[in-house]
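Commentary on secondary and tertiary structure
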Amino acid sequence: MGLTPAPGGTEGSAATPAGGRDWSWLRVTGSVGPLGIATAVLWLSIIVLLPLAALTVTSFDEGWSGFWGALTAPAALESLRITVLVSLVVAVINVVMGTLVAWVLVRDDFPGKGLVNALIDLPFALPTIVASIVLLSLYGPQSPVDIRLNATAPGLVVALAFVTLPFVVRSVQPVLIEVDREVEQAALSLGADNWTTFRRIVLPTLTPAIISGGGLAFARAIGEYGSVVLIGGAIPGKTEMASQYIQKQIEIDRPINAAAVSVALLVISFAALLVLRLLAQRSVRREQAAR
């Protein structure tokens, strides 16, 4: 079968069959080759895809009606509502405070700056159950500072804000380092105040990183368990997060209920990450069009 050059192609470009069908999407490019790609796909399948597939299959053991009934149970809906609401609040707090912390670490010098910069990553290394113990000791019934947040929604917010702190800081920090300071100085020299300079010049550059960090913080908070297990109290309808509801369903031997809510959390997290991906691609296209 003869081959004809691809439309608009040049010498050495991929050829398409005479029938006009383009098989170029099947080509493998890069340095690792087909074997490397197959290894990566196999590893991701074993670690991610197979467990998620097993979880989904379990949630439908009693059919669609069983899945829907488990998902729409009043206790399940309440736990999902609390989880999404608290996670949104935590994401907003992280967007504001994480950006401020990143700004201070990049733009200001002070004694102990290196230590503070290192402490930002502590929530990544510290077991989250340890964070829950520390917060319970600090804000529990025997609080040394006379602030009691255990078994309250603010307690959940504090716990989740602790474990999600690094996401916005580490997303904004490298972008802020690369911001052209000369443009800011030019705006200030033309009479713009600090807030106007930040809002009109710096913030548009930081926005993609802020959104990315805030979205990652939201996705992390959605499935968090260890940091809220003690300070949260798991009061149904008040402080019971979805992860705690799932644990309770497993303990009373209702795996389908646990799997159904787990699938809901999976869908919410995936949707958040997908939106982040689309926003990032849109931002890249805007930057390319502006050049």
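Small disclaimer: the values here were computed from a predicted structure and weren't measured. (Residues numbered from 1 in each chain as written. Predicted model: local features only at pLDDT ≥ 70, side-chain atom pairs only at ≥ 80, totals over all residues. Heavy atoms only, no water.)

As a packed pair, helix 7 (residues 153-178) and helix 9 (residues 194-222) sit with axes 8 Å apart at the nearest point and diverge in direction by 155°. By the angle between their axes, helix 7 is roughly antiparallel relative to helix 9. At the point where helix 7 passes helix 9, the crossing takes the right-handed sense. Of the residues in helix 9, those in contact with L160, V163, T164, F167, V168, S171, V172, V175 and L176 of helix 7 are V202, T205, L206, A209, I210, G213, G214, L216, A217, R220 and A221. Residues that form the contact of helix 7 with helix 9 fall into these classes: 14 nonpolar, five polar and one charged. (Axes fitted to C-alpha atoms, helices over the stretch in contact; angles between N-to-C directions. Helix = DSSP H or I, 4+ residues; strand = E, 2+ residues; numbered from the N terminus. Parallel < 35°, antiparallel > 145°, perpendicular 65-115°, else oblique. Left-handed = near helix turned anticlockwise from the far one by under 90°. Contact = heavy atoms within 4.5 Å. Nonpolar A, V, L, I, M, F, W, Y, C, P; charged D, E, K, R; others polar.)

Let's shift gears to the packing of aromatic side chains. Per the stated rule, a full pass over the model turns up five aromatic pairs. Here F60 and W64 contribute two aromatic rings whose centre-to-centre distance is 6.1 Å and whose plane-to-plane angle is 20°, an arrangement assigned as stacked. Ring geometry for W64 versus W68: centroids 5.8 Å apart, planes at 20°, classification stacked. Highlighted residues: W64 and W68, both in helix 2 (residues 63-71), separated by four residues, approximately one helical turn. The class for W68 is partly exposed, based on a relative accessible area of 45%. (Phe/Tyr/Trp six-rings, centres within 6.5 Å; stacked < 30°, edge-to-face > 60°. Buried < 20%, exposed > 50% of the residue type's maximum accessible area, 1.4 Å probe, protein only.)

Once that is clear, we can look at the nonpolar core. Soluble globular proteins: nonpolar side chains tend toward being buried together. One finds L80, V261 and L265 to be the most contacted residues of the largest nonpolar core, which totals 18 residues. For this core, the secondary structure elements donating two or more residues are helix 2, helix 3 (74-107), helix 9, helix 10 (242-251) and helix 11 (255-290). The element contributing the most residues to this core is helix 11, with seven residues. Leave out the neighbours within four places in its chain, and L80 touches L71, A242, V261, A264 and L265. (Core = buried A, V, L, I, M, F, W, Y, C linked by side-chain atoms within 4.5 Å.)

Among the structural elements, E224 can be located in the loop between helix 9 and helix 10. Note on E224: relative accessible area 4%, which makes it buried. Within the local environment of E224, its side chain forms a polar contact with the side chain of R220, the two groups lying 3.1 Å apart. Leaving out residues up to four positions away in the same chain, E224 has contacts with T128, L160, V163 and S243. (Polar contact = N/O pair within 3.5 Å; in protein donor to acceptor, adjacent residues only side chain to side chain.)

For the rest of this paragraph, the subject is the packing of helix 3 against helix 9. At their nearest, the axes of helix 3 and helix 9 sit 8 Å apart, and the two run at 140° to each other. Relative to helix 9, the element helix 3 is oriented oblique. In the crossing of helix 3 with helix 9, the sense of the turn from one axis to the other is right-handed. Listed contacts from helix 9 to T83, V84, S87, L88, A91, N94, V95, T99 and W103 of helix 3 are F198, V202, I210, G214, A217, F218, A221 and I222. Each residue belonging to the contact of helix 3 with helix 9 can be placed in one class, and the counts come to twelve nonpolar, five polar and no charged.

To continue, consider the environment of P204. Position of P204 among the secondary structure elements: in helix 9. Dropping the residues within four chain positions of it, P204 is found in contact with F198 and R199.

The next subject is the confidence of the model for the chain. Taken residue by residue, the chain gives an average pLDDT of 82. The fraction at 70 or more is 87%. Mean pLDDT in the chain bottoms out at strand 1 (residues 3-5), which sits at 47, and peaks at helix 3, which reaches 92. (pLDDT = per-residue confidence, 0-100.)

Oppositely charged side chains can form a pair if their charged atoms are brought close together. Per the stated rule, a full pass over the model turns up six salt bridges. Between R81 and E78 there is a salt bridge; the shortest N-O distance is 2.8 Å. Residue R81 and its partner E78 are located together in helix 3, separated by three residues, close to a single helical turn. In this structure R81 comes out as partly exposed when scored by relative accessible area, which is 42%. Given a relative accessible area of 30%, E78 falls into the partly exposed group. As a salt-bridge pair, K248 and E240 come within 2.7 Å of each other at their nearest N and O atoms. (Salt bridge = Lys/Arg side-chain N within 4 Å of Asp/Glu carboxyl O.)

By the element assignment, Q185 lies in helix 8 (residues 181-189). According to the relative accessible area criterion, Q185 is partly exposed, its value standing at 49%.

The subject of this paragraph is unusual backbone geometry. Here D146, not a glycine, exhibits a phi torsion of approximately 60°, which is positive. With respect to the helices and strands, the residue D146 is situated in the loop between helix 6 (128-139) and helix 7. In this structure, A151 takes a positive phi of about 60° despite not being glycine. Counting through the fold element by element, A151 comes out in the loop between helix 6 and helix 7.

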